[in-house]
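# Examination of the molecular architecture
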Amino acid sequence: MKPMTRCLLLLLALFLPSLAAAQQQGLEIDIVGGHASALPIAVVPMPYQGSGSAPDTDIAAVIRADLDRSGQFRTLPERDIVERPTRGSEVQYPTWRVLRQDFLVIGRVLDAGAGAYRVEYELFDVAKQERLVGMAMTARSGSMRDVAHQIADAVYEKILGVRGAFWTRIAYVTQTGVGENARYALIVADSDGHNPQTVVRSNEPLLSPSWSPDGSKLAYVSFERRNSSIYIQDINTGGRELVSSFRGINSGPAFSPDGRRLALTLSRSGNPEIYVMDLGSKALTQLTNHFGIDTSPAWSHDGGSVYFTSDRGGRPQVYQVPASGGSATRVTFQGNYNADPSVSYDGHKIAVAQGSGNVYRIAVLDRSLGSPRWSTLSPGSLDESPSFAPNASMILYAAREGRRGVLYAVSADGRVRQRLVLADGDVREPAWGPYREQR
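Fair warning: this is a prediction, and the values are worked out from it, not measured in the lab. Sequence order as written defines residue numbering, which begins from 1 separately in each chain. Local features in this predicted model are restricted to residues of pLDDT 70 or higher, and side-chain atom pairs are both shown and tallied only at a pLDDT of 80 or more, whereas totals for entire chains, interfaces and linings draw on every residue. Side-chain measures were taken over the full set of non-hydrogen atoms in the model, leaving aside hydrogen atoms and water.

## Thoughts on the domain arrangement of the protein chain
- These domain limits were set by an automatic method or by a database of domain assignments. Assigned domains within the protein chain: domain 1 (31-160) and domain 2 (168-435).
- Listed per partner, the contact involves 13 residues of domain 1 and 15 residues of domain 2.
- The term buried area denotes the loss of accessible surface (1.4 Å probe radius) that occurs when two parts are joined, taken as the sum for both partners. Here domain 1 and domain 2 share an interface that buries about 1,200 Å² over both sides, 48% of which is from carbon and sulfur atoms.
- Here a polar contact is recorded for every N or O atom pair within 3.5 Å, except that within protein the pair must consist of a potential hydrogen donor and a potential acceptor, and residues adjacent in sequence are included only if both atoms are side-chain atoms. Summed over the shared surface of domain 1 and domain 2, the result is four residue pairs in polar contact (both at pLDDT 80 or more).
- In this description a helix means any DSSP run of H or I spanning at least four residues, a strand means any run of E spanning at least two, and both kinds are numbered starting from the N terminus. When contributions to the side of domain 1 that touches domain 2 are tallied by element, the ones reaching two or more residues are α2 (59-70) and α4 (144-160).
- When residues are sorted by character, Ala, Val, Leu, Ile, Met, Phe, Trp, Tyr, Cys and Pro go into the nonpolar class, Asp, Glu, Lys and Arg into the charged class, and all the rest, Gly among them, into the polar class. For the side of domain 1 that touches domain 2, the residue count by class is three nonpolar, eight polar and two charged. By definition, residues are in contact when any of their heavy atoms lie within 4.5 Å.

Quick look at the structure:
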């Protein structure tokens, strides 16, 4: 890494417990927790009933994996599925009651012509002997995993009343090699780690990816100009724009909920402060003015204020300031170190990296019931960079296991964790993307 300013080194030391990343590879899912009150649901294999070549994707297996990862469902193992209906008329409810299943998903895959497939599926309430959902979706072979994720979303929402977040994407930074041989990449993948795509490659460190609210762009920090700079990358076109390269620190970009503004940390005045940039005019509004280090901005759900990390009280804590500027108020009080906030879509929860001594874990401050309540969600010793799923059901974060950087997703109640492991290299700086709109 090229020499950085003393101020930037101090900022990194204060607010980034580690700085690592990893190379593009398929991510391996490893569920390491479970929860006994999860709803039992059977997802029956969905056979191909067409005349041409069958699609490569096992639709039912993807749906099953999605529901299991959520922690809200417990799917019946395929080996225990004794009947395999593909239509509602074939469902024998007594069989599923004996298997103690609350819900049943069935379906089939048909030819749709021109190389496409039609997936027809149904969801049943076993106790009520009632069909809850019956739909069909059409896609080409390469998009069948997308179809499976969307079906899982529909099942999740119908049963729980909350929009599913399986058909979403994540971004993360990877590193291979060390020293002069280090290479960095910004990767976008499906929420389950499949279909990783490199959107940026660099010989210098990449940091802090942040999704635009429509999911079409990523803001990130690059050191390719020998000093930190902030770029916005268009994922669809591959084009990018340099938006901030002031003298000193340019870090922590975060899109506003309307996508028109970018919160960021700049030290252009000599001290790291929080600013908001209007992306149309590039005009800057300075939100903080304090001798402490202010960094890691995150927007409130309504765009009216910005949360950030500051050591102005002596140790890193989370503060909140109006997006138009004004006095900042302290938000976190429990613990000596609370940094890198991520805010849930409804504003009720704030996830942070919470430190004590040399141990950093992911914790959530829940304000939904009035009085603040804290819960620790991760068991590691160097966990950081929390990022809420768009429905706030899970939190993505980075962890160290030995010399390896890995990603975890933990349910918001902490009862289920999944590990996403790269085959080689390290991975850091995760960011969970927004909902994707069906076209």
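## Focus on the sheet that holds strand β21 (residues 329-330)
- At least two DSSP bridges between two strands are needed for those strands to be called paired. Pairing in this open sheet of four strands is antiparallel, and the strands run β18-β19-β20-β21 from one edge to the other. The sheet is open, and its two borders are formed by β18 (294-299) and β21, each paired with just one other strand.

## Concerning the sheet that holds strand β13 (residues 240-244)
- With antiparallel pairing, the four strands of this open sheet are ordered in space as β10-β11-β12-β13. The sheet terminates laterally at β10 (206-211) and β13, the two strands that pair on one side only. Between one strand axis and the next, the sheet turns by 25° as a mean value, whatever way the strands run.
- Pairing between strand β12 (residues 229-234) and β13: four bridges, direction antiparallel. Paired with tyrosine 231 across the strands is leucine 242, a residue of β13. Here, axes are lines fitted to C-alpha atoms. For helices the fit covers the stretch in contact, and angles between N-to-C directions go from 0 to 180 degrees.

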